[in-house]
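The residues making up each chain are set out below.
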Amino acid sequence: MGIMEKILRFLKYIAAPLRAEWLFFIITYLLLAQQPIDWLTLPSSDRWYQWGMGLKSLTIEIGLVWVLTWIVWKCHSRIVKYLLVFIAWLLLGITLFLSFNFEMCISQQTLTVLVETTGKESSEFVNTYMLSPDSKLSYVIDVCLAIVIIILFCLEGKLRRALHRTFMSFWPDFIVGIIATVGLGFFIFTYGTLIMANNSTRVYRWRNGYATTSLDIGTQSAHAIASLRAFGNDVDMAVEQAKKVYHTHPTVQESDSLTVIYVLGESYIKHHASLYGYELNTTPNLIKERDRGNLFAFTDVIAQENITSVVEKNTFSLNSVGDGESWFEHPAFTTIFKRAGYNVYMWDIQRTQQPHKLFTVTVNQFVYNPDIMRLSYTACDKGGFDYDGQLVDDFGKRVKLKGKHNLIVFHLYGQHVNPHFRYPAKSYYDGHFTPDSIRRNEKWLNADKKQKIAYYDNATLYNDAVMEKIFNLYRNKNTVVLYFADHGEEVYDFRNTKGRHTETDPKPGTLMYQNEVPFMIWCSDRYKQLHSQVVARIKQALHRPFMTDNVGQVMLDLGMIKTGYYVPDRDLISPQFKPRKRLTYDHCDYDKVMRGVDRNKIYPHFVKK
């Protein structure tokens, strides 16, 4: 048999599944092709790049759907065929829901949110989004597609006979075989390199080879699942970094007793804080502390992403995202504090431990890994809190500080998801701000949306009271508190949308509300007296550009810890601090996007009485 004959036989074999199950191939291909087709229709200044990425993704999808078609062809099972079509239809439905509501697609990020969400948060999510107008539109499209697919399969025999009489009998196997072979080659390379990406950095690098929303839905889903596996490996590497700390000997350069408190807020829109110029008085206690000279609010701080799990791992660890470092390559600052002799207390209202769930990628699998807990904490909370104030009160009642040096970590609910569940019902905060308080007249606002803004502002007011509780714990001692939020949100601020969204190229308004975060340091009077030079450095740093991935370096400075892990040019309050490129979502240069932006055109404007 000659080479040409072997090639023709091979191409005929490759074409055979498509000839036998042509309807399955077409339906499945079209169901999974929504994202690259949308990508091809986007406005772009670089059409060659856009079409190249789109065609690349469509070619990969040919290989993917060929594999699925081959499985159907070999199984000779209608159950397998219909099951695979159903999965493709379901993936499209999920993608439409995410796209319409959040401008997102199936990704590691959405899976992380899913596995981190508690039952209570899930019910809040359902109430907020499942019956929204955008969601209903996605359901209508899903149902219409399902009806069309069922009709096509019912007519498959008649369609086959009709098409066979016209052009199917003249279908050149070698042309179809060549196209399928090229697609199969792209598929094998793409999925092979993805399978070999065994940590999150390699998965990110793989993903950067494709435009953000250009991949077909099947390949995008494969990437999300691969991310779960890769992030599980990350935790193992992070544990090794924690163990290495115990081969070092950090010391505390503070003879007096010192209490350092680290507070991680949640979903805090900086521009809804009166401390930062918001029209409603949502932060009376913070303003009071600022006016007394105890609180220092930083003005130019951002979060790298808008999801807790990514931010928290990178803020606990001493890596620098701006320098291309991964969180699992460096230890957490809590580990170094404990090794230096601090008692370290972790009080986390969002803590959940369900080892049977997919927590290998979530922040809890890292923060509460048994080895990390042993090496990093003296004690943790027992859980069971509905509100942040209860968390702080529980710490005050249960913990009596014994050693000279203590680190306390509070992770709050803040204004997360439905903010009207973040403060006690029938309390001072419930109804403090009402729809009438939101004196704005943008065309997209109605009474219901103004009520949701009021809920958010009430939760911000409650958060302000919680922070005052934390300050009061050790106000009369040598105490310093660092507070920032993991990310922001949107609540009808500059457009008709609520929540968090991921965009291919984030708009200035998106970055302002979802990535700009409050960041502040509070010093007790005794701390100010003993550490006037540190306070002076804090004041000098208030307007420096900073991203929260390097907050661990600030913590080492405030904790007076001498260690080889400390890098002064990453420490916001160090005289040696050097600003870094602030990349959000691994590709968006925040400072480049925001350069020259007129913020007054984005801020909401309240109508004067």
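This text follows the structure it describes.
Residues numbered from 1 in each chain as written. Predicted model: local features only at pLDDT ≥ 70, side-chain atom pairs only at ≥ 80, totals over all residues. Heavy atoms only, no water.

Participant: Would you explain the overall build of the protein in this entry?
Facilitator: Across its full length, the protein carries 24 helices and 15 strands. Computed over the C-alpha atoms, the radius of gyration of the protein is 27 Å, within 12% of the 25 Å expected from 2.2 N^0.38 for a compact globule of 609 residues. Dimensions of the protein along its principal axes, counting C-alpha atoms only, are 90 × 65 × 45 Å. Split into buried and exposed, the 609 residues of the protein put 56% on the buried side. The long-range share in the protein, meaning contacts at least 24 apart out of those at least 6 apart in sequence, stands at 80%. (Helix = DSSP H or I, 4+ residues; strand = E, 2+ residues; numbered from the N terminus. Rg over C-alpha atoms; globule rule 2.2 N^0.38 Å. Buried < 20%, exposed > 50% of the residue type's maximum accessible area, 1.4 Å probe, protein only. Contact = heavy atoms within 4.5 Å.)

Participant: Looking at this model, I keep getting lost on the pattern of salt bridges. Mind explaining?
Facilitator: Opposite charge on two side chains allows them to pair when their charged atoms are near. Taken as a whole and assessed by the stated rule, the structure comprises 25 salt bridges. The residue E468 makes a salt bridge to K288 at a minimum N-O spacing of 3.2 Å. With E468 in helix α19 (residues 447-473) and K288 in helix α13 (residues 284-292), this residue pair connects regions lying 180 residues apart in the sequence. Here D557 makes a salt bridge to R537, at a shortest N to O gap of 2.9 Å. Of the two residues, D557 sits in helix α23 (residues 551-558) while R537 sits in helix α22 (residues 532-540), which places them 20 residues apart along the sequence. Here D557 matches R537 in class, with each residue buried. Connected through salt bridges with shared partners, the residues D323, E325, D569, R570 and R580 form a single ionic network. (Salt bridge = Lys/Arg side-chain N within 4 Å of Asp/Glu carboxyl O.)

Participant: Help me understand the pairing of strand β5 (residues 343-348), please; the structure alone is not making it clear to me.
Facilitator: Regular strands show a simple pattern: their side chains alternate between the two faces of the sheet. Of all the six residues making up β5, five are buried; the element is thus mostly covered by neighbouring parts of the structure. For β5 and strand β7 (residues 405-411), the ladder comprises six bridges, and the chain directions are parallel. Considered in β7, the bridge of D348 is made with H411. Where β5 meets strand β6 (residues 379-380), two bridges bridge the pair, whose relative direction is parallel. The residue bridging M346 from the neighbouring strand is C380, located in β6. (Pairing = 2+ DSSP bridges.)

Participant: Explanation requested: a nonpolar patch on the surface in the structure shown.
Facilitator: On the surface, a nonpolar cluster with roughly 940 Å² of combined accessible area is contributed by I3, M4, I7, L8, F174, I175, I178, I179, V182 and F186. Going through the elements one at a time, α1 (3-20) and α10 (173-196) are the ones with two or more residues in the nonpolar patch. Among the elements that make up the nonpolar patch, the one with the highest residue count is α10 (six residues). Looking at where I179 falls in the secondary structure, it is placed in helix α10. (Patch = residues over 30% accessible without salt bridge, like charges linked within 9 Å, V, L, I, M, F, W, Y side chains within 5 Å. Areas by Shrake-Rupley, 256 points an atom, 1.4 Å probe, with all protein chains shown as cover.)

Participant: Looking at this model, I keep getting lost on helix α14 (residues 308-316). Mind explaining?
Facilitator: Side chains that are three or four residues apart share a direction in an α-helix, a result of its 3.6 residues per turn. A large share of α14 lies buried, amounting to nine of its nine residues. All of the buried residues in α14 are T308, S309, V310, V311, E312, K313, N314, T315 and F316.

Participant: What's the story with the packing of α1 against helix α4 (residues 47-75) in this structure? I'm lost.
Facilitator: The geometry of a pair of packed helices is captured by two quantities: the angle between their axes and the separation between those axes. Contact geometry for α1 and α4: axes closest at 9 Å, N-to-C directions at 75°. With respect to each other, α1 and α4 are oriented roughly perpendicular. Two secondary-structure elements touch here, α1 through Y13, I14, A16, P17, L18 and A20 and α4 through W66, T69, W70, W73 and K74. Per-class residue counts for the contact of α1 with α4 are nine nonpolar, one polar and one charged. (Axes fitted to C-alpha atoms, helices over the stretch in contact; angles between N-to-C directions. Parallel < 35°, antiparallel > 145°, perpendicular 65-115°, else oblique. Nonpolar A, V, L, I, M, F, W, Y, C, P; charged D, E, K, R; others polar.)

Participant: When you look at the packing of aromatic side chains in this model, what are you seeing that I'm missing?
Facilitator: Where two aromatic rings form a pair, the distance of their centres and the angle of their planes describe that pair. Evaluated as defined, the whole model comprises 29 aromatic pairs. Centroid distance F333 to F337: 6.0 Å. Interplanar angle 75°. Geometry classified as edge-to-face. Within this pair, F333 and its partner F337 are both found in helix α15 (residues 333-339), separated by four residues, close to a single helical turn. The pair F333 / F337 is uniform in exposure class, with both members buried. A centroid spacing of 5.1 Å and a plane angle of 85° characterise the contact between W347 and F395, whose relative ring orientation is edge-to-face. (Phe/Tyr/Trp six-rings, centres within 6.5 Å; stacked < 30°, edge-to-face > 60°.)

Participant: How should unusual backbone geometry be read in this particular structure?
Facilitator: Both trends apply: most residues other than glycine have a negative phi, and most peptide bonds are in trans. Although it is not a glycine, K426 sits at a positive phi angle of roughly 60°. With respect to the helices and strands, the residue K426 is situated in the loop between β7 and α19.

Participant: Explain the sheet that holds strand β8 (residues 479-485) here, please?
Facilitator: Note: strands within a sheet are paired through backbone hydrogen bonds, in either parallel or antiparallel orientation. Taking strand neighbours across the sheet as the criterion, the seven strands line up as β3-β11-β8-β2-β7-β5-β6 in an open arrangement whose pairing is mixed. The sheet is open, and its two borders are formed by β3 (295-298) and β6, each paired with just one other strand. Examined bridge by bridge, β8 and strand β11 (residues 519-523) share five bridges and lie antiparallel to one another. Counted as the bridge partner of Y483 is M520 from β11.

Participant: Before we go on, may I ask you to explain helix α18 (residues 388-398) in this structure?
Facilitator: Every buried residue of α18 is listed here: D388, G389, L391, V392, D394 and F395. Packed against the buried residues of α18 are β5, β7 and α19.

Participant: How should I be thinking about the nonpolar core in this particular structure?
Facilitator: The nonpolar side chains of a soluble globular protein tend to be buried, and buried together. Within the largest apolar cluster, 123 residues are counted, with the highest numbers of intra-cluster contacts made by F298, F410 and I521. The greatest single-element share of this core, amounting to 11 residues, is contributed by α19. With residues near it in sequence (within four places) discarded, F298 still touches Y276, F519, M520, I521, I538, A541, L542, L572 and I573. Within the second largest apolar cluster, 51 residues are counted, among which are L18, L32, L64 and L215. (Core = buried A, V, L, I, M, F, W, Y, C linked by side-chain atoms within 4.5 Å.)

Participant: Before we go on, may I ask you to explain the side chain of E489 in this structure?
Facilitator: Tracing the backbone shows E489 in the loop between β8 and β9 (490-491). Classification of E489 as buried rests on a relative accessible area of 8%. Polar side-chain contacts of E489 include one of 3.0 Å to the side chain of S267. With residues near it in sequence (within four places) discarded, E489 still touches S267, I269, V417, G499, R500, Y513 and Q514. (Polar contact = N/O pair within 3.5 Å; in protein donor to acceptor, adjacent residues only side chain to side chain.)

Participant: Just to check I follow, could you spell out the side chain of T308 for this structure?
Facilitator: As for its position among the elements, T308 is in helix α14. Overall, T308 belongs to the buried group, its relative accessible area being 8%. Side-chain polar atoms of T308 contact the side chain of D486, separated by 2.6 Å. Apart from residues lying up to four places away in sequence, T308 is in contact with E266, H411, D486, H487 and R500.

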